[in-house]
Amino acid sequence: MTRRFATGPAPHVPPSASVGGVMRQVLYALVPGIAAHAWFFGPAIFVQLLLATSFALALEALMLRLRGRNVRPFLADYSAVVTAVLFVLCIPPLTPWWVVLTGMIFAIVIAKHLYGGLGNNLFNPAMVAYVAVLIGFPQELTAWLPPASIAAYTPGLSDAVYAILTGDLPRGLAWDAVSAATPLDTIRTAVASGQMVVEARVAPQFGDFGGLGWEWIANWYALGGLWLLWKRIISWHAPVAMIGTVLLLGTAAWLMDPGSNPVPLQHVFSGGLILGAFFIATDPVSGCTSTRGRLVFGAGAGLLTLVIRRWGAYPDGVAFAVLLMNMAAPTIDYYTQPRIYGEQEKQREP
């Protein structure tokens, strides 16, 4: 029996993946992490996904019209949907709708289309959106819910819709009573006040390695990232370099001063490190293209994440680290581009 293989035109190499196909694979890989997020923090994330995706697609269509481009092909490539989903995974579940809209304006209009559209953006649009709203709406972006297993109140679907559309809680509840600091913020605050990390970790929002619930969400993001590696949607260089740098330097800092530095797995399984390593640092547009460049990019993002978490004004730092490395990506690619075949031999000619 003759076996058929998918080939393209001469020289008969397999056809390259479409943008829409790649973006769909990314969305599939995010499903386990989204499901885990809903399990631990309630169904509000589904409301946010619907809102952000609607805003992103509407703004995408508007900008394409203003630029005189055909709307249908670009809406069908799912790039705006991926941006919206990644943004939602970085914000508190009950973030008001106007904050989400502001984030999508920064992501789609400013970070994407003002740079020339898909393939021309210097910065990762989802991270631009997150940093913009983090700076512009600090109070709303710190209203994180504790995991359902330790929470006094976890909003159901109707309560989540009410809170997101009005910016207030139902039944006269106060934000201070239902929100809690994230594990990374708890450690940062404790160390700044003179406490030891081991004392801060007695708080109920901590799990075995990282934050309660957050460590399981990170595991499912990692599973999705491994799926993308298996499907060859992404390469291993940036994720391994980013996570490896955090583990290596985090271990060194913990050994030198365990009172002020958490165990390295705390860095990995809290906050957005796994999401950033597999789904954000691997962005083929705003990241590096050369093999060595991806290693440098990932290592730099890991280093900057640790620096920001330890000495910066924000408890996580992944988004800022990625944006800083986005600025350095063209220079990194310039100095890490592979040698052209035959270049060395040519230099030897008299």
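Look above for the structure.
Described below are features of the structure shown in this document. Just so it is clear, the structure is predicted and the values come from calculations on it, not from any experiment. (Residues numbered from 1 in each chain as written. Predicted model: local features only at pLDDT ≥ 70, side-chain atom pairs only at ≥ 80, totals over all residues. Heavy atoms only, no water.)

1. As for the overall build of the protein
So, point 1. What the protein contains, in helices and strands, is 17 helices and zero strands.
So, point 2. Radius of gyration (C-alpha) of the protein: 22 Å, near the 20 Å computed for a compact globule of 350 residues.
So, point 3. Considered along the principal axes of its C-alpha atoms, the protein spans approximately 75 × 50 × 50 Å.
So, point 4. Expressed as a percentage of the 350 residues in the protein, the buried residues total 51%.
So, point 5. Sequence separation of at least 24 residues holds for 74% of the intrachain contacts in the protein that already meet a minimum separation of 6.
So, point 6. On the protein, roughly 17,600 Å² of surface is accessible, and the fraction owed to carbon and sulfur atoms is 65%. (Helix = DSSP H or I, 4+ residues; strand = E, 2+ residues; numbered from the N terminus. Rg over C-alpha atoms; globule rule 2.2 N^0.38 Å. Buried < 20%, exposed > 50% of the residue type's maximum accessible area, 1.4 Å probe, protein only. Contact = heavy atoms within 4.5 Å. Areas by Shrake-Rupley, 256 points an atom, 1.4 Å probe, with all protein chains shown as cover.)

2. Here's the deal with the nonpolar core
So, point 1. The biggest cluster of nonpolar side chains holds 91 residues, and the ones touching the most others in it are Leu 30, Phe 87, Met 104, Leu 275 and Phe 279.
So, point 2. In this structure, Leu 30 is in contact with Val 85, Leu 86, Leu 89, Tyr 221, Leu 275 and Phe 279, ignoring residues within four places of it in sequence.
So, point 3. In terms of nonpolar packing, the next biggest core, distinct from the first, is built from five residues, Ile 187, Val 191, Val 197 and Ala 203 among them. (Core = buried A, V, L, I, M, F, W, Y, C linked by side-chain atoms within 4.5 Å.)

3. Here's the deal with unusual backbone geometry
One can expect most non-glycine residues to show negative phi and most peptide bonds to be in trans.
So, point 1. Phi at Tyr 78 takes a positive value of approximately 65°, unusual for a residue other than glycine.
So, point 2. Tracing the backbone shows Tyr 78 in the loop between α3 (71-75) and α4 (79-88).
So, point 3. Look at Tyr 78 and you get partly exposed, because its relative accessible area is 31%.
So, point 4. Positive phi outside glycine occurs at Arg 232, with the angle close to 60°.
So, point 5. With respect to the helices and strands, the residue Arg 232 is situated in the loop between α11 (214-230) and α12 (237-256).

4. Some words on helix α6 (residues 125-136)
So, point 1. Taking 1.5 Å of rise per residue, the twelve residues of α6 would be expected to cover 16 Å, and the 16 Å separating its terminal C-alpha atoms lies within 8% of that figure.
So, point 2. For α6, the buried fraction is high: ten of the twelve residues fall into the buried class.
So, point 3. By the burial criterion, the buried members of α6 are Pro 125, Ala 126, Met 127, Val 128, Ala 129, Tyr 130, Val 131, Ala 132, Val 133 and Leu 134.
So, point 4. Among the structural elements, α4, α5 (97-112), α14 (273-280) and α16 (318-336) are those in contact with the buried residues of α6.
So, point 5. One side-chain oxygen at the N-terminal end of α6 lies 3.1 Å from the backbone nitrogen of Ala 126; it belongs to Asn 124. (Expected span 1.5 Å × (residues − 1). Polar contact = N/O pair within 3.5 Å; in protein donor to acceptor, adjacent residues only side chain to side chain.)

5. Notes on the pattern of salt bridges
Pairs can form between side chains of opposite charge once their charged atoms are near each other.
So, point 1. One pass over the structure, following the stated rule, counts two salt bridges.
So, point 2. The salt bridge partner of Lys 112 is Glu 60, with a shortest N-O separation of 2.9 Å. Pair noted here: Lys 112 is in helix α5 and Glu 60 is in helix α2 (residues 44-66), with a separation of 52 residues, a long-range link. Just as Lys 112 is buried, Glu 60 falls in that class too. (Salt bridge = Lys/Arg side-chain N within 4 Å of Asp/Glu carboxyl O.)

6. Re the packing of helix α1 (residues 19-41) against α2
So, point 1. The geometry of α1 relative to α2 is characterised by a closest axis approach of 8 Å and an angle of 130° between their N-to-C directions. Looking at the two axes, α1 sits oblique to α2. On α2, the residues that touch Ile 34, His 37 and Ala 38 of α1 are Ile 45, Phe 46 and Leu 49.
So, point 2. Residue composition of the contact of α1 with α2, grouped by class: five nonpolar, one polar and no charged. (Axes fitted to C-alpha atoms, helices over the stretch in contact; angles between N-to-C directions. Parallel < 35°, antiparallel > 145°, perpendicular 65-115°, else oblique. Nonpolar A, V, L, I, M, F, W, Y, C, P; charged D, E, K, R; others polar.)

7. Considering the environment of Val 263
So, point 1. Relative to the helices and strands, Val 263 is located in the loop between α12 and α13 (264-268).
So, point 2. The spacing of Val 263 and Asp 316 is 53 residues in sequence and 15 Å in space, taken between C-alpha atoms.

8. A short note on a nonpolar patch on the surface
So, point 1. A surface patch of nonpolar side chains, amounting to about 490 Å² of accessible area, comprises Ile 105, Phe 106, Ile 110, Leu 114, Tyr 115 and Leu 122.
So, point 2. The exposure class assigned to Phe 106 is partly exposed, which follows from its relative accessible area of 31%. (Patch = residues over 30% accessible without salt bridge, like charges linked within 9 Å, V, L, I, M, F, W, Y side chains within 5 Å.)

9. Re the packing of aromatic side chains
So, point 1. This model, assessed by the stated rule, comprises eight aromatic pairs.
So, point 2. With a centroid separation of 6.4 Å and 70° between ring planes, the pair formed by Tyr 221 and Phe 279 is classed as edge-to-face. Of this pair, Tyr 221 sits in helix α11 while Phe 279 sits in helix α14; the two residues are 58 residues apart in sequence, bridging distant segments of the chain. Across this residue pair, the class does not change: Tyr 221 and Phe 279 are buried. (Phe/Tyr/Trp six-rings, centres within 6.5 Å; stacked < 30°, edge-to-face > 60°.)

10. Comments concerning the packing of α2 against α5
So, point 1. It is at 9 Å that the axes of α2 and α5 come closest, and there the two elements cross at 35°. Viewed along their axes, α2 and α5 form a crossing whose handedness is right-handed. Of the residues in α5, those touching α2 at Gln 48, Leu 51, Ala 52, Phe 55, Ala 56, Leu 59, Glu 60 and Met 63 are Trp 97, Val 100, Leu 101, Met 104, Ile 105, Ile 108, Val 109 and Lys 112.
So, point 2. Class assignment of the residues belonging to the contact of α2 with α5 gives a composition of 13 nonpolar, one polar and two charged. (Left-handed = near helix turned anticlockwise from the far one by under 90°.)

11. Observations regarding the side chain of Asp 283
So, point 1. Here Asp 283 shows up in the loop between α14 and α15 (291-311).
So, point 2. Despite its burial, Asp 283 pairs with no opposite charge; the closest candidate is Arg 294, at 10 Å N-O.
So, point 3. Here Val 285 takes part through its backbone nitrogen, which lies 3.2 Å from a polar atom of the side chain of Asp 283.
So, point 4. The residues touching Asp 283, leaving out its near neighbours within four places in the chain, are Asn 121 and Asn 124. (Lys, Arg positive; Asp, Glu negative; His and termini not counted.)

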